[in-house]
Structure formats: structure tokens, C-alpha cells
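Inside the fold
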Amino acid sequence: MRILHLTDTHLYGDPSARHYDRIDPTAALHGVLARLADLRDIDLVVHTGDASEDGTAQSYRLLHEILDPFAAALGAPLAVVMGNHDVSAVYGEQIAPGEHLAESQDRVLPLPGGGRAVVLDSSVPGAGYGHLDASQLSWLRDVLSVPAEAGTVLAIHHPPLVGATALLRGLDLDGLDELAAVLEGSDVRIVLSGHYHHEMTGAIAGIPVHVAPGITNVVDPLSGGSHEQALALSGASVIELGEGAPRVFSAVFPNAGDTAEDAELPVYRFSSEQVQRILEAAGR
């Protein structure tokens, strides 16, 4: 199985809106898809959340106007995850209700060949961190109690890992031990996530976790020093599931939506004081 992993498009309903007053997120998405135009043999397209920046019906319709024909041309189903900037209830009203709760985007997507994708909604209304409540974990346990013939791909916006920076750690997924207990011994072959905006790998309950680079920007977890910064780049990943460990390939490109047209100028550069204010506003 080959999976195209996209994440963090941060689309707006208003086509004139810019992310951080600079990035045109629609152009950024189109630019990535243009880079991927020659991809073949993709069995699943996954978007792991923060599909929208403003949570509007228009932004979700725009997302599907762009991604539905792209996935269809690949002959692959599309799975969309909700992130902390998304509004799950609006997505449920405009696109499709969730399977566990109508207003929460938890669902199972059967895949050709006997596999399945399980989408978990880790968003918390009004907050930036991630959480799975007891009823979601119970639903997931019930789903995983019957293994799929070709295994399961789990997609969740907030990675079940510990973030690389103070800002990301403050916006992490809580309850990792509880989730690990549900995943232990299951048929989940890989967990796909977004949220961090930079590539990262890890594991939960012995299961590989892959975080794809963002489309609207790519976070720099290494060279910010006491600051936290993101660059005017866009990325995507392809995951191959076969015998043995997953094979993951990621690429990062110049951001096609950068209105400043300056790859050396960070999209944002936050001081530690700014990070603390962001965390307080985001529920931590």
C-alpha cells in the first residue's frame, strides 16, 4: 500500500485572506499538488488536519473542490482528519457527519485490498492541544477488536509523541498512555499525524508514527535558538506499507503561496514570551 500524506493546509473561506498576513494557503496547496502531479500507484490520500484556518463551510468546500478530483485522478480514496484549527461540527454539516458522533470526525474508511483507515478527531473546541475522550477510545477499541485483513492505518492530527519545541509540547496530545493501551497488540501498522508542521518519526505501543511537513509552512525545530520559527516552505510524504517496517519518503518545496517571495524570511519568529502567550490563549 502506498499512501500520500498531506497536512496543515489552513485554508480560508475568504480567498483574499493570508496566513500570518503572508501565505496564500490555496496557492500553497495547488503548488504542492502540482509538484506531485506525476505520482502513481497511490492507494490512499490522507490529510491529517488543520484543513481549515477559520473553520468555515466555504473553506471545507474549497478543500474538497481541490482534493477530491486530485485523489480521484489517482484512483485513491481521500481521508480528512480534523485539527485544532478545524471546526468538526461545521465539517460534519457540510461534508459528512462522523460515525461515532455526528459532530466529531471519527470514522472508518475501508480500503481496496482489505485494509482500512481509521480517522480520529483529537480537536478540542477553542483549544490548541489534543484530547481523546473515553467514549472515543472505547469506540476505537471496538473498531480494532476486529482486525482488518490488510491492517489499519490510524490518522490523527495531534501526534501521539512529545513535541520538539516548547510551543509544540504545549499543544501536544494528552492521554498517551490511555491511547497506547488501546493500540497495544492491534493491527495498526502506522499512525499518521500533522500539527507539528515538520517531519518527525517516533512510535506508540511499538507502532511507527510519522508526522508530515506542513503545506502552509514548515516549522524549523533546529535553528530557532530561544525563538520558534516557521519557514516559507511546503511539504508532503509518501508512505509504503509492505513486508517489514514502513518506508517513508518526504520532500519539502518552496511555498507557492508565499506573497513575500522570500524563502530566507521566516513566516513567523516567536520569542519565548510570545510562545507563552500563545499557549495561554490555546488552553495551556
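Read on for a plain summary of the structure. (Residues numbered from 1 in each chain as written. Predicted model: local features only at pLDDT ≥ 70, side-chain atom pairs only at ≥ 80, totals over all residues. Heavy atoms only, no water.)

Turning our eyes to something else, we now look at the packing of helix H4 (residues 134-144) against helix H6 (residues 176-183). Think of two packed helices as two axes; the pair is described by the angle between the axes and how far apart they sit. Across the interface, H4 lies against H6 with an axial gap of 9 Å and an inter-helix angle of 20°. Between H4 and H6, the interaxial angle falls into the category roughly parallel. The element H4 and its partner H6 pack so that their crossing is right-handed. Note on element contacts: H6 touches H4 through Glu 178, Leu 179, Val 182 and Leu 183, opposite Leu 137, Leu 140, Arg 141 and Leu 144. (Axes fitted to C-alpha atoms, helices over the stretch in contact; angles between N-to-C directions. Helix = DSSP H or I, 4+ residues; strand = E, 2+ residues; numbered from the N terminus. Parallel < 35°, antiparallel > 145°, perpendicular 65-115°, else oblique. Left-handed = near helix turned anticlockwise from the far one by under 90°. Contact = heavy atoms within 4.5 Å.)

Scanning the entire structure with this criterion turns up four aromatic pairs. Here the aromatic rings of Tyr 20 and Phe 270 are separated by 6.3 Å at their centres, their planes lie at 55°, and the arrangement is tilted. Here the residue Tyr 20 occupies a position in the loop between strand S1 (2-6) and helix H1 (25-35), and Phe 270 occupies one in strand S14 (residues 268-270), the gap between them amounting to 250 residues. Looking at Tyr 20, the relative accessible area reads 40%, which means it is partly exposed. The buried category is assigned to Phe 270, whose relative accessible area is 11%. (Phe/Tyr/Trp six-rings, centres within 6.5 Å; stacked < 30°, edge-to-face > 60°. Buried < 20%, exposed > 50% of the residue type's maximum accessible area, 1.4 Å probe, protein only.)

A word on the sheet that holds S1. Strand order in this open sheet of five strands is S3-S2-S1-S12-S13, and the pairing throughout is mixed. Of all strands in the sheet, those bounded by a partner on one side alone are strand S3 (78-80) and strand S13 (247-254). The sheet shows a mean angle of 20° between the axes of neighbouring strands, taken without regard to direction. Where S1 lies against strand S12 (residues 233-240), four bridges are found, and the strand directions are antiparallel. Bridged to Leu 4 within S12 is Val 238. On the sheet, H1 packs against S1, S12 and S13 and is oriented at approximately 45° with respect to S12. This element, helix H2 (residues 57-74), spans S1, strand S2 (44-47) and S3 of the sheet and lies at about 145° to S3. (Pairing = 2+ DSSP bridges.)

The sheet built from six strands is open, its strands ordered S4-S5-S6-S7-S9-S8 with mixed pairing. Each having just a single partner strand, strand S4 (107-110) and strand S8 (200-204) make up the two edges of the open sheet. Direction aside, neighbouring strands of the sheet carry axes that sit 25° apart on average. The sheet contact formed by strand S7 (residues 188-193) and strand S9 (residues 207-211) spans three bridges and is parallel. Paired with Ser 193 across the bridge in S9 is Val 211. Of the strands in this sheet, S4, strand S5 (116-120), strand S6 (152-156) and S7 touch H4, which is tilted by about 175° from S5. Against the sheet, H6 makes contact with S6, S7, S8 and S9, and its axis sits at roughly 70° relative to S8, the strand it touches most.

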